[in-house]
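Observations on chain architecture
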Amino acid sequence: MSLKIVSTFGDHTSLYPLAVKDCVNSLGMTAFSYDAGGKIEAKDRFIDEFGTQAIWLGGLPFFKWAFNKTAYKAAKLNPNIDMRLVADKEQFEVASKYAKEYSKKLNDKNIIDSLSAAGQKSGLFRNLFLSKFATATALTLTSFFTLVKVKQEYTKKQIEKEFWEKKAKEGFYKNDLAKSQAFKGFAGENQVKSADSAHKKAANPSFKGLGSFMQSFMFDPVKNLFIVDAGITGERLASSRTKSEFVEYAIKEGSLLLFMYVAGRYVQKGIEKFSEKVFKKPIELHAEFLSSDELKNSISSDKISKDLDAFSKIADNKKAVYEFFYSEKNSGNIIVQAAKKSGMISTLKDASKKDTGLINPHQYIDVKKMKELANNLAKVKDSFKNSGETLEQFLKKSTNLKIGSVAANIGISCLFLGLIVPYSMLKYREKQNGNKEFHVQKQIQQNLENNFKARQNTIA
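Assigned secondary structure in the protein chain consists of 21 helices and 2 strands. Counting all 460 residues of the protein chain, 45% fall into the buried class. Counted over contacts in the protein chain with a minimum sequence separation of 6, partners at least 24 positions apart contribute 77%.

Let us look at the nonpolar core. Within the largest apolar cluster, 60 residues are counted, with the highest numbers of intra-cluster contacts made by Leu295, Phe311, Phe325, Tyr326, Ile335 and Leu377. Sequence-distant contacts of Phe325, defined by excluding residues within four places in its chain, comprise Phe311, Ile335, Val336, Ala339, Ile345, Ile359, Ile365 and Met370. Within the second largest apolar cluster, 22 residues are counted, among which are Phe63, Leu141, Phe145 and Tyr261.

Our next topic: helix H17 (residues 318–326). Residues Val321, Tyr322, Phe324, Phe325 and Tyr326 constitute the buried set of H17. Looking at the buried residues of H17, the elements they touch are helix H4 (89–106), helix H16 (303–312), helix H18 (334–341), strand S2 (355–359) and helix H19 (367–385). Its side-chain oxygen placed 3.2 Å from the backbone nitrogen of Lys319, Asn317 serves as the N-cap of H17.

With that out of the way, let us pick up the packing of helix H15 (residues 293–300) against H16. The relative placement of two packed helices comes down to the angle between their axes together with the axis-to-axis distance. For the pair H15 and H16, interaxial distance at closest approach is 5 Å and the crossing angle is 95 degrees. By the angle class used here, H15 and H16 are roughly perpendicular. Across the interface between the two elements, Leu295, Ser298 and Ile299 from H15 touch Lys303, Ile304 and Asp307 from H16.

This part covers the pattern of salt bridges. A full pass over the atoms with the stated rule returns 19 salt bridges. Across the salt bridge formed by Lys385 and Asp302, the nearest N and O atoms sit 3.9 Å from each other. In this pair, Lys385 sits in helix H19 while Asp302 sits in the loop between H15 and H16, placing the two residues 83 residues apart along the sequence.

Helix length check: H4 (18 residues) gives 25 Å between terminal C-alpha atoms against 26 Å at 1.5 Å per residue, within 8%. Taken together, the buried positions of H4 are Gln91, Phe92, Val94, Ala95, Ser96, Tyr98, Ala99, Tyr102 and Ser103. Turning to H4, the residues buried within the fold contact helix H3 (83–87), helix H5 (110–120), H17, strand S1 (347–349) and S2. Downstream of H4 by a residue or two, Asn107 has a phi angle that is positive, lying close to 55 degrees.

On to unusual backbone geometry, then. Peptide bonds are mostly trans, and most non-glycine residues show a negative phi. In this structure, Lys76 takes a positive phi of about 60 degrees despite not being glycine. You can call Lys76 exposed: its relative accessible area is 71%. With a phi angle near 60 degrees, Asp302 is a residue other than glycine that sits in the positive phi range.

Moving on: the packing of H15 against H18. At their nearest, the axes of H15 and H18 sit 10 Å apart, and the two run at 165 degrees to each other. With respect to H18, the axis of H15 lies roughly antiparallel. For the pair H15 and H18, the crossing hand works out as left-handed. Residues Glu294, Leu295 and Ser298 of H15 lie in contact with H18, whose contacting residues are Ile334, Gln337 and Lys341.

Judged by side-chain polarity, Ile412, Leu415, Phe416, Leu419 and Ile420 come together as a nonpolar surface patch covering roughly 390 Å² of accessible area. Secondary-structure assignment places Leu419 in helix H20 (residues 391–433). For Leu419, a relative accessible area of 45% gives the class partly exposed.

Sheet topology note: the S1/S2 ladder contains 2 bridges and is antiparallel. Bridged to Lys349 within S2 is Asp355. In textbook terms, the turn of a hairpin is the stretch between consecutive antiparallel strands, and for S1 and S2 this stretch comprises 5 residues, one of which, Lys353, has a positive phi near 70 degrees.

Under the relative-accessibility criterion, Lys385 is labelled exposed at 52%. For the pair Lys385 and Ile299, spaced 86 residues apart in sequence, the C-alpha separation works out to 9.5 Å. For Lys385, the residues in contact, after removing those within four places along its chain, are Asp302 and Ser305.

Parameters and conventions
Residues numbered from 1 in each chain as written. Predicted model: local features only at pLDDT ≥ 70, side-chain atom pairs only at ≥ 80, totals over all residues. Heavy atoms only, no water. Helix = DSSP H or I, 4+ residues; strand = E, 2+ residues; numbered from the N terminus. Buried < 20%, exposed > 50% of the residue type's maximum accessible area, 1.4 Å probe, protein only. Contact = heavy atoms within 4.5 Å. Core = buried A, V, L, I, M, F, W, Y, C linked by side-chain atoms within 4.5 Å. Polar contact = N/O pair within 3.5 Å; in protein donor to acceptor, adjacent residues only side chain to side chain. Axes fitted to C-alpha atoms, helices over the stretch in contact; angles between N-to-C directions. Parallel < 35°, antiparallel > 145°, perpendicular 65-115°, else oblique. Salt bridge = Lys/Arg side-chain N within 4 Å of Asp/Glu carboxyl O. Expected span 1.5 Å × (residues − 1). Left-handed = near helix turned anticlockwise from the far one by under 90°. Patch = residues over 30% accessible without salt bridge, like charges linked within 9 Å, V, L, I, M, F, W, Y side chains within 5 Å. Areas by Shrake-Rupley, 256 points an atom, 1.4 Å probe, with all protein chains shown as cover. Pairing = 2+ DSSP bridges.

Everything listed here is a matter of coordinates, which is why it stays silent on function.
Structure (structure tokens):
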């Protein structure tokens, strides 16, 4: 398994683990639906699950991209500059200083010009960011609401088609009945309206009072997606076509939110604590960096002690921390190298798209996360000294434990979402209804049958 992939799937701000978990869940739900309700329920579930997944993962990036290309372009502002950087006066001052320096070095005036423009129009820049967040989230949810309505109408038509085909085969579809005005009126009627009012209500989401909530979620792509998922959950429950479907969705959506956004972090932390306590191997660092030559050489020469000491002296001074990371003289510091290799900070590229190693002055540097990184490096250093192993043995075992922890975390979630949750929903259906049939299909068919008999009696 590529260490880059392991690092990506072990990152709690990455969308890839969520995509894998959701895909496994969707496959499991579709398979169980086919087994329980046949082709019609399987199609209904497939459209619901994979259509939602496409909107869920693609909606936010697409609408944000469109906002960047329109609103930001019209305002002549760079959407890739972090709003937190502009809001932090100390960091903005340091970033501007190095942006000027890097602009000259790379012969790219846009580096400093775009940052200066964001600072001069900080109010507009902030409002654009908040508008992009709210607009992208709202449009993504609206796309899902539309999918629900289309999907339910499609399923209803499929059930009606199957019903009338069955009647034709049974000999009930008589020419005089088919030609009658009563039948024509009946065939065009909408038999299932139970979810209409709930859907109309949910299709107009309100963002009133969402300000403080957005502030804590808008900078993390996973948490931003949680807002969308919460909206999807609400819509699915509101538009449930039967009581049984409502409970099944409650089981499914509750489990999905748990394993997508909560359990994964705690499982990973639990495994990391277990590794540190039992195997004496701290594995909080990214797998890619644990196996890197930078870490190996730094520990081997004990340069890591000097690097950590240099950082600890300025760690409580925010402005000094910013200077520490931007300054080229610290580019060889193990903390700076770890932050770069782990994707915690990004670097600039030159005109030929070659990595310059220079810290991108348009990003926000989270001092708290840098302190945590330094602490994790110190734990690795101290654990190695007390291990009695060679450096190669220690780092190899640590890397393997990290790979195992990420695989176990993803595996546990996939087991629950792809097998246990769909099975639980099926068992609930059997207990509630006495069978595994697609209850929505059964209800629509019963309505059709009742109305069909009523029309027959009227014609007779």
